[in-house]
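# Inside the fold
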Amino acid sequence: MIIPILKGLALTLNRFFSKPITVQYPEEKVPPAKRWRGVQYFERDDRGKIKCVACGLCMIVCPSQCISIETAEDEEGRRYPLTYELDASRCIFCGFCEEACPVKAIFMGKTYEWVESRRKPLLMDIEKLLEEKKVNP
Amino acid sequence: MQLVYLLIEIIIKCVVVFGGLMLVVAYMTLMERKVLGHIQVRYGPNRCGPYGLLQPFSDAVKAFFKEDLVPGRADKAVFVLAPTISMIAAISIFAVIPFGDQFTIPGTDWVVKLRIADIDVGLLYIFGIVSLGEFGIILGGWSSGNKYGLMGSLRAAAQMISYETALGIAIVGVLILSQSLSLTEIVKVQGGGFWNWNIWYQPVAFILYLICGLAEINRTPFDMPEAEAELACGFNIEYSSMKFALFFMAEYAHMVTLGAVAVTLFLGGWQPILPQLGFIPGFFWFCGKLFIILFFFIWERGTMPRLRYDQIMKFGWKVLIPLALINLVITALVVSLKG
């Protein structure tokens, strides 16, 4: 009975002097996993325009129906989204939009911290989605 | 005039000891959480002030602002009285603990002894008061009118009866060696280097004292009265706000006094480890030894799980009391044979 107690005491003392494995969250962060699905971002093409052709596949495939698109055509007859709205407050980050996209325009990013006290800022438009590209190199 | 000076001295000593004890109790809670945290390979509280040093105060403020509930079916007078009894018992033990030798106030011939009351029956007084502390727990659980509280109280009572016997018998060995009940005398006998400490002459008694003491203050391997898993906090289930905080503080104050008594009886009190190190004031030696004992109390809490109720009873009656008796008989025999 005594030897197991001493063994236990030695173990806990050993643990006491080892470095804690806690990550001090707001100061230190764990990098997200390689295939982490965070907030979406838009990719630009070689000419610096958005790649999206407003086909509406992401809108159809989205399970929580958080994407809405208004389509338009430019002078070359190329379709582009006049408005593209992604309601991040409803998004479930399933990644279907990224999978469905035929032109590789929308991607799931790495951002996992996004807190707002109102709903309005959570509505992502084209600028916001392009902006999000900067934090996802 | 002498009497007035004496009164002033006693009042100052009381205030200083009370304040110091409360501070130690407050930081004991922090130390416990920090040490337990590090034992479990995490940090423990470190957000409130640097290294979490302001945590006890934030806890106190929180406790003050909680709602103070008294259950409708509680025996209100006893319910309010119980935490007070616990707290008073825990604090009043410190009155006889000698936490240092004496010093003369510079410029006068006034000698200040570093203890509040230097009474001849110090040890007897301690054991009288220690059992009083348990009454707070028993009354608290019983008066709250809750079945879990009552179960906790019953366990506390049974545990007290089982372990106080062994605790008392274990201490008698020290009494035989020092031939005095006065704590000052007991410390003075142990003077002159660590090889004179009672722990070397009474190792079994020391271990028995620690085990029974832990049972007496209901600390982790023996925390039956407040077993979270079965009794949902046991005796303090209905307590909230400052009343709960009083119980909580009393628990830690008990731990500190238990450690202080252990230091006094077995580890030479304020005496330095080596006689050559006597230039360091005795108070610091006392605090250092107390710190080691308190660290041990937390350390063992991080190590051992709670015993089962029948195991505790069996261990108390079948192992500790016989061991304490054998230790007593052998000590008495050796001392009487030596003449």
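Residues numbered from 1 in each chain as written. Chains lettered and ligands numbered in written order. Predicted model: local features only at pLDDT ≥ 70, side-chain atom pairs only at ≥ 80, totals over all residues.

### Considering the overall build of chain A
- Within chain A one finds 4 helices and 5 strands.
- Against the globule reference of 14 Å for 137 residues, chain A gives a C-alpha radius of gyration of 23 Å, more extended than a compact globule.
- Considered along the principal axes of its C-alpha atoms, chain A spans approximately 85 × 30 × 25 Å.
- For chain A, restricting intrachain contacts to residue pairs at least 6 apart in sequence, the fraction spanning at least 24 positions comes to 71%. (Helix = DSSP H or I, 4+ residues; strand = E, 2+ residues; numbered from the N terminus. Rg over C-alpha atoms; globule rule 2.2 N^0.38 Å. Contact = placed C-beta atoms within 7 Å.)

### Brief notes about the overall build of chain B
- Looking only at helices and strands, chain B has 12 helices and 2 strands in total.
- Across the 339 residues that make up chain B, the buried fraction comes to 43%.
- A sequence separation of at least 24 residues applies to 77% of the contacts in chain B between residues at least 6 apart. (Buried ≥ 20, exposed ≤ 12 C-beta atoms within 10 Å, placed from the backbone.)

### Here's the deal with the sheet that holds strand β5 (residues 123-124) of chain A
Residues and elements named next belong to chain A.
- As summarised here, the arrangement of the 3 strands in space is β2-β3-β5, forming an open sheet in which the pairing is antiparallel. Either end of the sheet is taken by a strand with one partner, and the two such strands are β2 (67-73) and β5.
- Pairing geometry for β2 and strand β3 (residues 79-87), over 7 bridges, is antiparallel. Counted as the bridge partner of isoleucine 69 is tyrosine 84 from β3. (Pairing = 2+ DSSP bridges.)

### A few points about the packing of helix α3 (residues 76-92) of chain B against helix α10 (residues 241-266) of chain B
Residue and element names in this part refer to chain B.
- Two elements in contact, α3 and α10, have axes whose closest approach is 8 Å; the angle formed by their N-to-C orientations is 25 degrees. By the angle between their directions, the pair α3 and α10 is classed as roughly parallel. The interaxial crossing formed by α3 with α10 has left-handed handedness. Along its contact with α3, which presents Pro83, Thr84, Ser86, Met87, Ala90 and Ile91, the element α10 presents Lys243, Leu246, Phe247, Met249, Ala250, Ala253, His254 and Thr257.
- Among the residues making up the contact of α3 with α10, the classes are represented as 9 nonpolar, 4 polar and 1 charged. (Axes fitted to C-alpha atoms, helices over the stretch in contact; angles between N-to-C directions. Parallel < 35°, antiparallel > 145°, perpendicular 65-115°, else oblique. Left-handed = near helix turned anticlockwise from the far one by under 90°. Nonpolar A, V, L, I, M, F, W, Y, C, P; charged D, E, K, R; others polar.)

### With respect to the nonpolar core
- Ranked by size, the top nonpolar core spans 82 residues in total, and within it B:Ala166, B:Ala170, B:Cys212, B:Ala253 and B:Val256 carry the most contacts.
- For this core, the element with the highest residue contribution is α10(B), accounting for 16 residues.
- When near neighbours in sequence (up to four residues on either side) are disregarded, B:Ala253 contacts B:Leu21, B:Val25, B:Met87, B:Ala90 and B:Ile91.
- Core analysis: the second largest hydrophobic core is formed by 18 residues, A:Phe42, A:Cys58, A:Tyr84 and A:Ala105 among them. (Core = buried A, V, L, I, M, F, W, Y, C linked by C-beta atoms within 7 Å.)

### As for the interface of chain B and chain A
- Opposite the 11 residues of chain B that make contact, chain A presents 10 residues.
- If you list the elements that add at least two residues to the side of chain B that touches chain A, you get α1 (2-39) and α11 (282-303) of chain B.
- Per element, the largest residue contribution to the side of chain B that touches chain A is 4 residues, and it comes from α11(B).
- Broken down by class, the residue content of the side of chain B that touches chain A amounts to 6 nonpolar, 3 polar and 2 charged.

### Observations concerning the packing of helix α8 (residues 203-216) of chain B against helix α12 (residues 309-338) of chain B
All names here are of chain B.
- Two elements in contact, α8 and α12, have axes separated by 10 Å at closest approach and are oriented at 150 degrees. With respect to their mutual orientation, α8 and α12 come out roughly antiparallel. As for the relative orientation of α8 and α12, their crossing is left-handed in sense. Here Val204, Ala205, Leu208, Ile211 and Cys212 of α8 lie close against α12, whose contacting residues are Leu320, Leu323, Ala324 and Asn327.
- Considered class by class, the residues forming the contact of α8 with α12 number 8 nonpolar, 1 polar and no charged.

### Observations concerning the confidence of the model for chain B
- Per-residue confidence for chain B gives a mean pLDDT of 84; residues scoring 70 or more make up 99%.
- Predicted complex, confidence summary: ipTM 0.72, pTM 0.82. (pLDDT = per-residue confidence, 0-100.)

### A short note on the confidence of the model for chain A
- In this model, chain A carries an average pLDDT of 86, and 100% of its residues clear a pLDDT of 70 or more.
- Across chain A, helix α3 (residues 96-100) of chain A holds the top mean pLDDT of 90, while helix α4 (residues 126-132) of chain A sits lowest at 83.

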